[in-house]
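# Per-entry structural report
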Amino acid sequence: MLTKFETKSNRVKGLSFHPKRPWILASLHSGIIQLWDYRMGTLIDRFDEHDGPVRGVHFHKSQPLFVSGGDDYKIKVWNYKLRRCLFTLLGHLDYIRTVQFHQEYPWIVSASDDQTIRIWNWQSRNCISVLTGHNHYVMCAAFHIKEDLVVSASLDQTVRVWDISALRKKTVAPAEDILRLPQMNTDLFGGGDAVVKYVLEGHDRGVNWAAFHPTLPLIVSGADDRQVKLWRMNDTKAWEVDTLRGHVNNVSCVMFHARQDIIVSNSEDKSIRVWDMSKRIGVQTFRREHDRFWILAAHPEMNLLAAGHDSGMIVFKLERERPAYAVHGGTLYYIKDRYLRTYDYSSGRDNPLISIRRTGSSGMNQGPRSLSYNPAENAVLVCSDVEGGSYELYVIPKDSSGRSDSQEGKRSMGASAVFVARNRFAVLDKVHNQILIKNLRNEVTKKCPAPCPTTDAIFYAGTGSLLCRSDDRIVLFDVQQRIAVGELSTPFVKYVVWSGDMNHVALLSKHSVIIASKKLVQKCTIHETIRVKSGAWDDSGVFVYTTLNHIKYCLPNGDSGIIRTLDVPVYVTRVSGNSVFCLDRDGKNRVIQIDCTEYTFKLALLQKKYDDVLQMIRSSQLCGQSIIAYLQQKGFPEVALHFVKDERTRFNLAIDCGNIEVALASAHEIDEKDYWYRLGVEALRQGNHQIVEFSYQKTKNYERLSFLYLITGNLEKLRKMLKIAEMRNDVMGRFHNALYLGDVAERVRILEEAGHLPLAYLTAAVHGLKDVAERIAADLGEHTPPLPEDIDSAKLLLPPAPILREENWPLLNVTKGFFDGSLAETQVPEEEEAAGPGWGEVDLPDVVVGENGEVVNQPEQTGNEEEGAEDDEGGWGNMNDLDIPADVADDSAADAGAPGTFFVTPSPGVPSTQRWTQKSALAAEHVAAGSFETAMRLLSRQLGVKNFVPLRELMMNLHLASHAVLPGVSLVPGMSCGLERGWTESSPPNTPGLPAVMYKLSLLEERLKVAYKSTTDGKFTEALKVFLSILHTIPLVVVDSRREVDEVKELLGIAREYVNALRIELKRRELRDDPQRQMELAAYFTHCNMQPTHLKLSLQSALHVCYKLKNYNTTATFCRRLLELNPMPAVANNARKALQVCERNPKDDIQINYDPRNPFVVCAETFTPIYRGSKEVSCPFCGSRFVPEMDGRICSTCDLAVIGADASGLTCSQAQVR
């Protein structure tokens, strides 16, 4: 059985596959109907309107409907698109057992415990026939798929076949029934539309299920007599053919397999049995441990079965449908219908070569599993699961045409077999965990041990090499040298696909694709939510693979995408250009046409083949949001610009790539304030203050405009801004502009008009305007403020003059990019012809203030322009004063069509911190990069850490220590630079490394010595702090080798034991008034795994406490343990004396919870013993043990991790990740 999907729920009583979609309905004993997607493994919907168990459910063949029947006597018809019940059919008087739609007519057949079968018209919503005759519960009823027949099974021990041809005729030609008398009492006595054709008697107890064969005149039934019976029928009679025995409890359901000559049954004996229909024997049995089976369902078109049991359901296949195949050159070798066949890709010819011997085993799933072809000797190895794993070696005769008799291959046992040389092949012997090298006579020539003790499969990896699969990794094994050349941690690998040049390999597991080099260096991993089925490399090095419903691609850098969807799963054998050659589940060769433009485009970008990219852009074969997003993500927004017509998207892309001209054109089209503002920000960043000025004008951002004129030294326009502020009655704007200009008289006037006479007086007096100051002082009188003492040294506050007063600030001159230059040759914007110099003339229009104080534009003057420019009363005046020579415009126009030098925003490089996080799975290296969020996620996943407060300071120190700050020029902040470890003078240049980490193993070893000394000196509080610091530092330690990893784990165990021991002792010292608890904690202290010196001291302490409290029996235990450790002579002498006293009176005055003869560990929270065999939970980080009640709390030992959390374990070295 190949389980494809499994659910956990209440007892499943009814199942139905959707004929087209990957859905299955499950009706539960709780009254709920579940709709599952078995391909994705997700619950799509649930329907809950029945009162009580729902025993029958069925999908309609073509409509979005399903029908259900339950113990509430109701039949409900549902529309799953509308997600509701359409109507309810009432008529049955007891539980409804099964319901089913007819294949062709709008009928539903239902079976009920009221001993009747009813046929309903779901369109008219009426009962059209009642089939009576059974005298006990009717357990099931079903239409024949083609004939006008209904089969029913009842607890009256019979199976009945009903003829409903009269009902069909009545439905097709209802006019014939006009002359009929009205039917009376049909509910009680049944109508004449359905009559019993056969009554099949033979079961000794009630029959639970009966089913038609889809094509043959056969019926199968299962009953409470534990038997499955096969019946045959003809036009006149029906008779029993055979009885299948094997179930040991009631048979719940039985059915014919739609595509094979087998019968499948399930039973309350918790088993599913498969029977060979021709041999009438059991072929396979599948058992569950605790769950009885109740229902079976078969997919109408696919090789899928489903079974419902007490705690859910399973969807499964009986046999693998993947054909065994191998590809060499332009030929496909594959097995179909017991023949080894070839398919020529170029001509499309399909020829049989030789006949493959049929396996002698009667079990299911015994067909060929894999195929290995040897072109040198024209031989094939066919592997299968027969007898636990075997292979057959066939040498193909040169004149073979496939018409010869079955060829006898050389057959032997082995889990896997593949060719490794011209005349040698390797066989995996799982029993002895060795690899056998054999010649073509099937003789062993060499043996070598498998590289892993759990190796369960081998794959071809080039001449003399094998890929050996174990549970969690795959190993590259050199057969000649008998050594492992490479190793890669992977999920369970099912298939291996090598590229044509053998430089790359794709490892396919159930839900992932791993791309690696020929030395098993991982390149990338693709994760899928549904099963990966097959894959092949195309000529350009792109891996094309299939899932259950898609053909996808994977680029060498890990980028992936969907090429097209699939109706049915296929197995890719070759990819050539736009053609995908594949085998379907029937073993037929298919050629699927695909559009590979998308991944070819991405690959060309990745490989920097810009000519190919340019060609694809010009041919406009690409479009869509995904391509645009991809180009943005990969740093090619200038390329994405040529795919986009939407102005808003064009604007965003232009801003990303620094293309101010395109952004300006898009902003003109959009003409929204937010876009003008963003254009101004980008132009200011580039130093193009002319466009900044234009953007501020469009948004009427007068404050920013004034400041722009200040920093660019454009005092003339700044004076005009002062005029505009005065017209707009903007007092603060006037004052700012006067301040920028250094116009003291204007500032004094503004302060006077605003009523701030004291400020006006001070401003005039300080700046030497004596006449104005005296006038204002006269107005102020006695309120005149005093002047500062050092007024003579006062200076006028004026901004510094700009160094450069040219049109724009110096722009970064970068050679025009490849795409900009090439694309500009063919794509010249329409505005270029009318544009002026540079980015075009941007004139500051004349400004007039309207009645509401807003500035309004005025048409240009037609008179003397010079006079207009000199006239200060004209608002802005005429701003056509950019005296640009004509040749500049000509140069600009010329530059538009040819590569030149202009500002291109340099694409930012990848910071070292980003490389650190991309290359590392160690939390410490993520902290060093400053990526605290990902570091915390890693610690949570690896160690179950939830409380990060104790790590805060350590993480900050680690991050700061991994960076150096390089000082810059004056008034510019320093530049942070990441420090990398392992650099030497011989290191190749520009090779990125990993971050320097301050916490090393040697540092922890030094702390451990300090902690040991504090413990020996009895400074327990101080020692506890040091041991805790070791515990908290270990998650942030990085080491180089696996040996050091083991040392770190050993150090973790030591720190944990001492932290718990010291906590116990400190707790004991707090409880001076509780002698019983004091003795218990003293006893537990002696069971912590400490150094012999500290263990002796703990035993002395416990001995002293218990002796003083007259617990002599317990004291004697401590004495004996202490003497076994060979203490100092004086200590040993005292222990012997105490032991003599205790042995004279071996009893305890106070009973304590301590049994030294029963092994135990101490709960780190409650400080109570957890004896061997008792339930316990542990901390995933430090490993402290706890009683089960502590599950889910923060560990009190390390104060970091959640007790009982799932975690992968401590990862502190790159050697653990490789």
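Predicted model only: the values in this text are computed from it and were never measured.

### Quick notes on the overall build of the chain
Helix and strand counts for the chain stand at 31 helices and 67 strands. Considering only contacts within the chain whose residues lie at least 6 apart along the sequence, 49% involve residues at least 24 apart.

### Brief notes about the sheet that holds strand E48 (residues 522-527)
Strand order in this open sheet of four strands is E45-E46-E47-E48, and the pairing throughout is antiparallel. Where the open sheet ends on each side, the last strands, each with one partner, are strand E45 (493-498) and E48. Pairs of neighbouring strands in the sheet enclose a mean axial angle of 20°, with direction left out of account. Sheet topology note: the strand E46 (residues 504-509)/strand E47 (residues 512-517) ladder contains five bridges and is antiparallel. Bridge pairing in E47 places His 504 opposite Ser 517.

### Topic: the side chain of Thr 342
Looking at the secondary structure, you find Thr 342 in strand E31 (residues 339-344). Apart from the residues lying within four places of it in its own chain, the contact partners of Thr 342 are Thr 331, Leu 332, Tyr 333, Tyr 334, Arg 349, Asp 350, Asn 351 and Leu 353.

### Description of the pairing of strand E10 (residues 96-101)
With respect to burial, E10 is a largely interior element, six of its six residues being buried. In the sheet, E10 pairs with strand E11 (residues 107-112) via five bridges, with the strands oriented antiparallel. From the neighbouring strand, Ile 96 faces E11, where its bridge partner is Ser 112. Taken together, E10 and the strand that follows it, E11, pair antiparallel across an intervening segment of five residues.

### Focus on the nonpolar core
Among soluble globular proteins, nonpolar side chains are generally buried collectively. Phe 1027, Ile 1034, Phe 1181, Phe 1186 and Cys 1198 are the most contacted members of the largest nonpolar core, which has 89 residues in total. Counting residues per element, this core draws most heavily on helix H26 (residues 1042-1070), at 10 residues. Setting aside its immediate chain neighbours within four residues, Phe 1027 contacts Leu 1008, Ala 1011, Tyr 1012, Thr 1015, Ala 1055, Tyr 1058, Val 1059 and Leu 1062. In this structure, Phe 17, Leu 149, Ala 210 and Met 277 belong to the second largest nonpolar core, which totals 60 residues.

### A short note on the pattern of salt bridges
Pairing between side chains of opposite charge can happen when their charged atoms approach one another. A full pass over the atoms with the stated rule returns 45 salt bridges. The salt bridge involving Glu 392 is made with Arg 411; its shortest N-O contact spans 3.9 Å. A residue pair is termed long-range when its members are at least 10 positions apart, and Glu 392 in strand E35 (residues 390-395) and Arg 411 in strand E36 (residues 410-413) qualify at 19 residues. Note on Glu 392: relative accessible area 9%, which makes it buried. You can call Arg 411 partly exposed: its relative accessible area is 31%. For Glu 746, the salt bridge identified is with Arg 734, shortest N-O distance 3.2 Å. Of the two residues, Glu 746 sits in helix H14 (residues 744-753) while Arg 734 sits in helix H13 (residues 731-741), which places them 12 residues apart along the sequence. Each member of the pair Glu 746 and Arg 734 is classed as buried. Ionic contacts of the salt-bridge type, sharing partners, join the residues Glu 6, Lys 8, Arg 288 and Asp 291 into one network.

### Here we look at the packing of aromatic side chains
Counting across every chain of the model gives 30 aromatic pairs. Here the aromatic rings of Phe 17 and Tyr 38 are separated by 5.7 Å at their centres, their planes lie at 85°, and the arrangement is edge-to-face. Of this pair, Phe 17 sits in strand E2 (residues 12-17) while Tyr 38 sits in the loop between strand E4 (33-37) and strand E5 (42-47), placing them 21 residues apart in sequence. Given a relative accessible area of 5%, Phe 17 falls into the buried group. In this structure Tyr 38 comes out as buried when scored by relative accessible area, which is 7%. Both rings, one in Tyr 1107 and one in Tyr 1112, keep their centres 5.6 Å apart while their planes meet at 65°; by these two values the pair is edge-to-face. Aromatic ring contacts, followed pair by pair, group Trp 23, Phe 47, Phe 59, Phe 66, Trp 78 and Tyr 80 into a single cluster. One Lys or Arg, Lys 13, reaches over the ring of Trp 294 and ends 4.0 Å from the middle of that ring.

### Remarks on the sheet that holds strand E54 (residues 579-583)
The antiparallel open sheet is built from three strands, whose spatial order is E53-E54-E55. At either margin of the open sheet sits one strand with a lone partner, and together these are strand E53 (571-576) and strand E55 (589-593). Neighbour-to-neighbour, the strand axes of the sheet open up by a mean angle of 25°, direction not taken into account. In this structure, E54 lies alongside E55, joined through five bridges in antiparallel fashion. Pairing of Phe 581 across the sheet is with Val 591, part of E55.

### Considerations on the pairing of strand E12 (residues 116-121)
Burial analysis of E12 places six of its six residues in the buried class, the great majority of the element. Residues of E12 alternate between two faces, with Thr 116, Arg 118 and Trp 120 on one and Ile 117, Ile 119 and Asn 121 on the opposite face, all of them buried. As paired elements, E12 and strand E13 (residues 126-132) share six bridges and run antiparallel to each other. Considered in E13, the bridge of Thr 116 is made with Thr 132. From the end of E12 to the start of E13, which pair antiparallel, there are four residues, and Arg 125 there has a positive phi angle of about 65°.

### A word on the packing of helix H24 (residues 1001-1016) against H26
As a packed pair, H24 and H26 sit with axes 11 Å apart at the nearest point and diverge in direction by 25°. Classified by the interaxial angle, the pair formed by H24 and H26 is roughly parallel. As for how H24 packs across H26, the hand of that crossing is left-handed. Side by side, H24 and H26 meet where Leu 1001, Leu 1004, Glu 1005, Leu 1008, Tyr 1012 and Thr 1015 of the first sit next to Glu 1044, Glu 1047, Val 1048, Leu 1051, Ile 1054, Tyr 1058 and Leu 1062 of the second.

### A few points about the environment of Phe 425
The residue Phe 425 is located in strand E38 (residues 424-429) in this model. With 44 residues separating them along the chain, Phe 425 and Leu 381 place their C-alpha atoms 8.8 Å apart.

### Focus: helix H15 (residues 757-766)
For H15, the full list of buried residues reads Ala 760, Tyr 761, Thr 763, Ala 764 and Ala 765. Packed against the buried residues of H15 are H14 and helix H16 (770-780).

### A word on the confidence of the model for the chain
Across the chain, the average pLDDT comes to 82, with 85% of residues at or above 70. Per-residue pLDDT stays below 50 along residues 825-903; that stretch engages in 98 contacts with residues further than four places along the chain or on separate chains.

### Digging into the packing of helix H22 (residues 932-943) against helix H23 (residues 952-961)
H23 packs onto H22 with a crossing angle of 130° between their chain directions and a minimal axis gap of 12 Å. Classified by the angle their axes make, H22 and H23 are oblique. Relative to H23, the crossing made by H22 is right-handed. Mapping the contact onto sequence places Phe 932, Ala 935 and Met 936 in H22 and Met 955, Met 956 and His 959 in H23. Taken together, the residues that form the contact of H22 with H23 break down as five nonpolar, one polar and no charged.

### Details of empty space enclosed by the protein
Under the criterion given, the structure shown has two cavities of 30 Å³ or more. Roughly 140 Å³ of volume is contained in the largest cavity. Taken together, Lys 4, Tyr 38, Arg 39, Met 302, Leu 304, Lys 317, Arg 531, Lys 533, Leu 548, Pro 569 and Arg 585 make up the lining of the largest cavity. Among the residues forming the lining of the largest cavity, the class breakdown is five nonpolar, no polar and six charged. Of the voids in this model, the second largest cavity is the one considered here, and its volume is about 30 Å³. Contributing to the lining of the second largest cavity are His 257, Ala 258, Ala 298, His 299, Met 302, Leu 304 and Leu 305. Of the residues in the lining of the second largest cavity, the class split is five nonpolar, two polar and no charged.

### What to know about unusual backbone geometry
Here Arg 83, not a glycine, exhibits a phi torsion of approximately 60°, which is positive. You can see Arg 83 is positioned in the loop between strand E8 (74-79) and strand E9 (84-90). Phi at Phe 1167 takes a positive value of approximately 55°, unusual for a residue other than glycine. If you trace the backbone, Phe 1167 turns up in the loop between strand E64 (1160-1162) and strand E65 (1169-1171). A relative accessible area of 7% places Phe 1167 in the buried class.

The rules behind the values
- Residues numbered from 1 in each chain as written.
- Predicted model: local features only at pLDDT ≥ 70, side-chain atom pairs only at ≥ 80, totals over all residues.
- Heavy atoms only, no water.
- Helix = DSSP H or I, 4+ residues; strand = E, 2+ residues; numbered from the N terminus.
- Contact = heavy atoms within 4.5 Å.
- Pairing = 2+ DSSP bridges.
- Axes fitted to C-alpha atoms, helices over the stretch in contact; angles between N-to-C directions.
- Buried < 20%, exposed > 50% of the residue type's maximum accessible area, 1.4 Å probe, protein only.
- Core = buried A, V, L, I, M, F, W, Y, C linked by side-chain atoms within 4.5 Å.
- Salt bridge = Lys/Arg side-chain N within 4 Å of Asp/Glu carboxyl O.
- Phe/Tyr/Trp six-rings, centres within 6.5 Å; stacked < 30°, edge-to-face > 60°.
- Lys NZ or Arg CZ within 6 Å of the ring centre and 35° of its normal.
- Parallel < 35°, antiparallel > 145°, perpendicular 65-115°, else oblique.
- Left-handed = near helix turned anticlockwise from the far one by under 90°.
- pLDDT = per-residue confidence, 0-100.
- Nonpolar A, V, L, I, M, F, W, Y, C, P; charged D, E, K, R; others polar.
- 1 Å grid on protein atoms, 1.4 Å probe; cavity = no way out; pocket = protein on both sides within 12 Å on 5 of 7 lines; lining within 4 Å.
- Points joined across faces, edges and corners; volume = space filled by probe spheres on them.

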